[in-house]
Amino acid sequence: MIKEYPLQFTTTLILFLLMNLSYFWEGEFGILTFPIFIILFIIFFILFFELIRQIYISTKEKFAKKNRNYLLGFMIICLTSIIIKPTGIINFDKLEGENLYFAQAEGAANCTSTLQLKKTNKFIYESICFGMDKTKGNYEIDKNLIYFKNFDKNKFQFQYGKINVKNNTIDLYRDKNDKNPFSIPIINK
């Protein structure tokens, strides 16, 4: 199958792997994330039309070619799984552990900021606004203060946070002199 249809097989496999492993790479490209997904979407439709073409050829040949039948099965399984589970078969977010706190804020132009504090003392901060930035690191909680450590300071500029029980928010501070914290409403505890 690979020798007879290398382009179809390889492209389908690469698309399948990229979509299923998007959890690991989607936050690394910032503003280029959306164009990358558009390109992957175009490749998906090209492969879909190639699948239709291969099915048409196979029906004319009465499914006599074994390798083409294997290719059809492979393409159908991969493309169908992408349709059913576009973010991947495995939910890698659940493998990070359960959330202690989940906070999310929506800003102008549907820009979204999400902060997940995991029970394993890891945090994930995701900012989606004309691109996607994802930061992972560790945290420690002392009373109602959250201290962030081991993270990419280019993607996450906050040094610490404060759990505001009264407003049900996590207030993020850039430094100790920050008078205008970024407040994210807590959705789940």
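Conventions adopted
- Residues numbered from 1 in each chain as written.
- Predicted model: local features only at pLDDT ≥ 70, side-chain atom pairs only at ≥ 80, totals over all residues.
- Heavy atoms only, no water.
- Helix = DSSP H or I, 4+ residues; strand = E, 2+ residues; numbered from the N terminus.
- Rg over C-alpha atoms; globule rule 2.2 N^0.38 Å.
- Buried < 20%, exposed > 50% of the residue type's maximum accessible area, 1.4 Å probe, protein only.
- Areas by Shrake-Rupley, 256 points an atom, 1.4 Å probe, with all protein chains shown as cover.
- Lys, Arg positive; Asp, Glu negative; His and termini not counted.
- Charge placed at Lys NZ, Arg CZ, Asp CG, Glu CD.
- Pairing = 2+ DSSP bridges.
- Axes fitted to C-alpha atoms, helices over the stretch in contact; angles between N-to-C directions.
- Disulfide = S-S within 2.5 Å.
- Expected span 1.5 Å × (residues − 1).
- Arc of directions from axis to C-beta.
- Phe/Tyr/Trp six-rings, centres within 6.5 Å; stacked < 30°, edge-to-face > 60°.
- Contact = heavy atoms within 4.5 Å.
- Salt bridge = Lys/Arg side-chain N within 4 Å of Asp/Glu carboxyl O.

Let's talk about the overall build of the protein chain
Right, so step 1: What the protein chain contains, in helices and strands, is five helices and eight strands.
Right, so step 2: Going residue by residue from the N terminus, the α and β elements of the protein chain occur as α-α-α-α-α-β-β-β-β-β-β-β-β.
Right, so step 3: The C-alpha radius of gyration computed for the protein chain amounts to 22 Å, which surpasses the reference 16 Å derived for 189 residues by more than 25%, pointing to a less compact arrangement than a globule.
Right, so step 4: Principal-axis analysis of the C-alpha atoms gives the protein chain an extent of 75 × 30 × 25 Å.
Right, so step 5: Among the 189 residues that make up the protein chain, the fraction classed as buried is 40%.
Right, so step 6: Accessible surface for the protein chain amounts to roughly 11,800 Å². Of this, 62% is attributable to carbon and sulfur atoms.
Right, so step 7: For the protein chain, the distance from the average position of its 24 positive side-chain charges to the average position of its 17 negative side-chain charges is 5 Å.

Observations regarding the sheet that holds strand β7 (residues 169-173)
Hydrogen bonds between backbone atoms are what pair the strands of a sheet, whose relative direction is either parallel or antiparallel.
Right, so step 1: Around the barrel, eight strands lie side by side as β1-β2-β3-β4-β5-β6-β7-β8; this closed barrel has antiparallel pairing. Here the average twist between neighbouring strands, direction ignored, is 30°.
Right, so step 2: Two elements, strand β1 (residues 99-106) and strand β2 (residues 112-118), share seven bridges in a ladder whose sense is antiparallel. By the bridge assignment, Phe102 is partnered in β2 with Gln116.

Things to note about the state of the cysteines
Right, so step 1: Overall, the coordinates contain one disulfide when judged by the stated rule.
Right, so step 2: Residue Cys111 pairs covalently with Cys129 via a disulfide, S to S 1.9 Å. Of this pair, Cys111 sits in the loop between β1 and β2 while Cys129 is found in the loop between β3 (122-128) and β4 (132-142), placing the two residues 18 residues apart along the sequence.

Focus on helix α1 (residues 6-20)
Right, so step 1: With 15 residues, α1 should reach 21 Å at 1.5 Å per residue; the first-to-last C-alpha distance of 21 Å fits that figure.
Right, so step 2: Of the residues making up α1, those classed as buried are Gln8, Phe9, Thr12, Leu15, Phe16, Met19 and Asn20. In a view along the axis of α1, the buried residues occupy a sector of 140°, so they form one face of it.

Side note on the packing of aromatic side chains
Right, so step 1: Tallied over the full model, the rule gives 20 aromatic pairs.
Right, so step 2: Relative to Phe158, the ring of Tyr125 has its centre 6.4 Å away and its plane inclined at 70°; by these criteria the two rings are edge-to-face. Here the residue Tyr125 occupies a position in strand β3, and Phe158 occupies one in the loop between β5 (145-149) and β6 (160-164), the gap between them amounting to 33 residues. With respect to burial, Tyr125 and Phe158 carry one shared label: buried.
Right, so step 3: Summarising the aromatic geometry, the rings of Tyr160 and Tyr173 are spaced 5.1 Å apart at their centres and angled 10° between planes, so their arrangement reads as stacked. Placement of the pair is Tyr160 in strand β6 and Tyr173 in strand β7, with a sequence separation of 13 residues. The same class applies to Tyr160 as to Tyr173, namely buried.
Right, so step 4: One aromatic cluster in this structure is built from Phe123, Tyr125, Phe148, Phe151, Phe156, Phe158 and Phe182.

So, unusual backbone geometry
Right, so step 1: Within the chain, Phe63 stands out as a residue other than glycine whose phi angle is a positive 55°.
Right, so step 2: Locating Phe63 in the fold gives a position in the loop between α3 (33-60) and α4 (66-84).
Right, so step 3: Unusually for a residue other than glycine, Asn121 sits at a positive phi of about 65°.
Right, so step 4: Judged by its relative accessible area of 39%, Asn121 is partly exposed.

Thoughts on the side chain of Lys134
Right, so step 1: As for its placement among the helices and strands, Lys134 is situated in strand β4.
Right, so step 2: If sequence neighbours within four positions are ignored, Lys134 has contacts with Tyr23, Glu26, Gly27, Ile124, Tyr125, Glu126 and Lys155.

Digging into the pattern of salt bridges
Right, so step 1: With the rule as written, the count across this model stands at ten salt bridges.
Right, so step 2: Put simply, Arg68 and Glu61 hold a salt bridge, and the shortest N to O gap is 3.4 Å.
Right, so step 3: Using a relative accessible area of 7% as the deciding quantity, one classes Arg68 as buried.
Right, so step 4: Judged by its relative accessible area of 31%, Glu61 is partly exposed.
Right, so step 5: We note a salt bridge from Glu98 to Lys119, for which the minimum N-O separation is 3.6 Å. Of this pair, Glu98 sits in the loop between α5 (92-95) and β1 while Lys119 sits in the loop between β2 and β3; the two residues are 21 residues apart in sequence, bridging distant segments of the chain. Lys119 carries the same exposure label as Glu98, and that label is exposed.
Right, so step 6: Each of Glu26, Glu126 and Lys134 takes part in salt bridges that share partners, so that together they form one network.

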